[in-house]
Amino acid sequence: MQGLQTRHPFPTIALHWIGAALVVALAATGYAMTRLAPGDPGQFTLYQLHKTLGVAALLLAVARLAAAARRQPRWAMRRRDRGARAVQAALLALALVVPMSGWALVSASRLDMPILLAGFMEFPRIESLRAISPEAKSLVEPRLSTMHAALAWALVALAAAHALAALHRHFVLGDKVLRRMLPVLAAASVAAMSPAAATTWIVDPARSTLGFAGLETGNRFAGRFGRWSADVAFDPAQPQGMQVRVVVDIGSAATGDGRRDTLMLGDDWLDASGFPRARFEATGARALDAGRYEARGTLALRDRIRPVAIEFTLEVADGEARARGTASILRTEFGVGRGMWSGIQVVAPEVLVSFDLVARPAP
Ligand code: HEM
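Predicted model, so just to flag it, every value in this text is computed and none were measured.

A. Just the overall build of the protein, in detail. Secondary structure summary: the protein contains eight helices and 13 strands in total. Going through the 363 residues of the protein one by one, you find that 23% of them count as buried. Of the contacts made within the protein by residues no fewer than 6 positions apart, 64% connect residues no fewer than 24 positions apart.

Take a look at the structure:
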């Protein structure tokens, strides 16, 4: 069984936090330098510092874009994070466009000031802009200045919204997005402060069962899955921080009736050779009453993914947890039962999945 703790690769974490620090420093220097009295002796140094940091931000944005183009971990691509991903895409775009607008502005400036990295190393300006006539510059420069300021403040506002959303998700919703982006030591201390530092449970397969039941011509049939694995992170005091992933080996389903089992694993039903695994994933549960919870998640079965709710009770005693629950599934929603079986007269559409899990906290 794998652990649920996932973290971005170190280069992604480093680029993220260096980028965040640069935005703060650039906003501060940009604000300060444009509000100094003309001729202030600190002005030149502050402008050069801003340009140096700005060039660093430009190079970093290019590196981050290259990193973002690489394959993302699966958990980083969940559909439910669509809003957050749109903000991140906008942040990535602005992180590139803002320094480019600053670079263009300096290149089109009538003052013709160099970009001195760390006060001595000249960074090239955009020659095609530098070469335009002074009249054209007096038209272009103020526009670029307004554009750079507007885009820069939009970037600052979006970055602040993104940071607040991450803090909200960590401290209120109790999920792991912030921890994934923290370096190891910081993550450990935030995890300790976290209201939802959920315990990871190791399920004992020998003492746990995963079963299903349905109706065939009005008669109840029941079966079990012999092979499956479960990753569970759960703290009864903070059910909203729960994370569950159950992976089921479809070919291990058996009802004890050879004829039915062969049919059930065949193409028209579960198609165990075409779709060997089913997966249930849920993030967050809510307490219904004492010791009883509901978790809403998704079930991937055959070629379909559909929302599924599970209800379960939990007893924790002597350091051991026992979770028992059920989920009602409509097989027809997953395309289970095709061809001559697509009707619901012979086999009822409802299938009740039940589980009885015994688990101990991970050491
Ligand atoms: C992520 C990168 C950057 C951020 C967040 C940023 C932010 C800012 C901010 C907040 C201001 C003040 C705007 C105002 O309120 O008037 C500013 C002004 C300025 N920035 Fe940047 N900047 C960035 C990159 C750059 C780069 C790469 C350069 C040049 C190489 C640059 C050159 C300038 C200049 C010359 C001004 C003065 C604009 C004027 O008053 O006309 N910036 N920047």
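Next comes the rest of the write-up.
B. Just the environment of Ser128, in detail. Secondary-structure assignment places Ser128 in helix α4 (residues 127-130). Classification of Ser128 by C-beta neighbours within 10 Å gives exposed; the count is 10. Expressed as a C-alpha distance, the spacing of Ser128 and Ser107, which sit 21 residues apart in the sequence, is 8.6 Å.

C. Layout of the pairing of strand β3 (residues 199-203). Note that β3 and strand β6 (residues 228-234) share three bridges and pair antiparallel. Along β6, the bridge assignment pairs Thr199 with Phe234. In this structure, β3 lies alongside strand β13 (residues 350-361), joined through three bridges in antiparallel fashion. Bridge assignment links Ile202 to a residue of β13, and that residue is Arg360.

D. Region of interest: helix α2 (residues 43-69). When the terminal C-alpha atoms of α2 are compared, their 39 Å separation across 27 residues agrees well with the 39 Å that a helix rising 1.5 Å per residue should span. Taken residue by residue, α2 has Tyr47, Gln48, His50, Lys51, Leu53, Gly54, Ala57, Ala61 and Arg64 as its buried positions.

E. A look at the site of the ligand. If you check the shell around the ligand, you find 25 residues, and the closest are Gly30, Gly54, Gly102, Ser145 and Ala152. The element that contributes the greatest number of residues to the shell around the ligand is helix α3 (residues 82-107), accounting for seven residues. Its residues placed into classes, the shell around the ligand shows 17 nonpolar, seven polar and one charged.

F. View of the pairing of β6. For β6, the buried fraction is high: five of the seven residues fall into the buried class. Bridging between β6 and strand β7 (residues 243-249) involves six bridges; their strand directions are antiparallel. Each bridged residue has a counterpart across the sheet, and for Trp228 the counterpart in β7 is Val248.

G. Broad picture of the nonpolar core. Residues Val232, Met242, Val248 and Ala295 are the most contacted members of the largest nonpolar core, which totals 40 residues. For this core, the leading source of residues is β6, giving five residues. Not counting chain neighbours up to four residues away, the residues in contact with Ala295 comprise Met242, Val244, Ala282, Ala285 and Ile310. Counting eleven residues, the second largest nonpolar core, distinct from the first, contains Leu53, Ala57, Val98 and Leu155.

H. Up close: unusual backbone geometry. At Thr217, a residue that is not glycine, the phi angle is positive and equals roughly 40 degrees. Checked against the element boundaries, Thr217 lands in the loop between β4 (209-216) and β5 (219-225). A positive phi angle is found at Arg302, which is not glycine, with a value near 50 degrees. Structurally, Arg302 is set in the loop between β10 (292-301) and β11 (304-317).

I. Quick look at the packing of helix α1 (residues 10-34) against α2. Where α1 contacts α2, the two axes come as close as 9 Å, and the packing angle between them is 150 degrees. As summarised for this structure, α1 and α2 are arranged roughly antiparallel, according to the angle between their axes. Seen along the crossing, α1 lies across α2 with a hand that is left-handed. The class makeup of the residues in the contact of α1 with α2 is 17 nonpolar, seven polar and one charged.

J. Representation of α1 in the model. Taking 1.5 Å of rise per residue, the 25 residues of α1 would be expected to cover 36 Å, and the 36 Å separating its terminal C-alpha atoms lies within 8% of that figure. Within α1, burial applies to Val23, Leu26, Thr29 and Gly30.

K. Expanded view of the confidence of the model for the protein. In this model, the protein carries a mean pLDDT of 86, and residues with pLDDT of at least 70 account for 88%. The lowest-confidence element of the protein is helix α7 (residues 184-193), averaging 53 in pLDDT; the highest-confidence one is strand β8 (residues 253-254), averaging 95. For the stretch residues 1-5, pLDDT sits under 50, and the model shows eleven contacts to residues farther than four places along the chain or on other chains. The low-confidence segment residues 75-80 (pLDDT under 50) makes two contacts with residues lying over four places distant or belonging to another chain.

L. Structural detail: the environment of Ala362. Along the chain, Ala362 falls in the segment after β13. Overall, Ala362 belongs to the partly exposed group, with 13 C-beta atoms counted inside 10 Å. A sequence separation of 129 residues divides Ala362 from Ala233, and the C-alpha atoms of the two residues are 9.6 Å apart. Excluding residues within four positions of it along the chain, Ala362 makes contact with Thr200, Trp201 and Ile202.

M. Representation of the environment of Gly339 within the structure. Its place among the elements puts Gly339 in the loop between β12 (320-330) and β13. Accessibility expressed as a C-beta count within 10 Å gives 8 for Gly339, which makes it exposed. The spacing of Gly339 and Asp268 is 71 residues in sequence and 6.6 Å in space, taken between C-alpha atoms.

Rules behind the numbers
Residues numbered from 1 in each chain as written. Predicted model: local features only at pLDDT ≥ 70, side-chain atom pairs only at ≥ 80, totals over all residues. Helix = DSSP H or I, 4+ residues; strand = E, 2+ residues; numbered from the N terminus. Buried ≥ 20, exposed ≤ 12 C-beta atoms within 10 Å, placed from the backbone. Contact = placed C-beta atoms within 7 Å. Pairing = 2+ DSSP bridges. Expected span 1.5 Å × (residues − 1). Near = placed C-beta within 6 Å. Nonpolar A, V, L, I, M, F, W, Y, C, P; charged D, E, K, R; others polar. Core = buried A, V, L, I, M, F, W, Y, C linked by C-beta atoms within 7 Å. Axes fitted to C-alpha atoms, helices over the stretch in contact; angles between N-to-C directions. Parallel < 35°, antiparallel > 145°, perpendicular 65-115°, else oblique. Left-handed = near helix turned anticlockwise from the far one by under 90°. pLDDT = per-residue confidence, 0-100.

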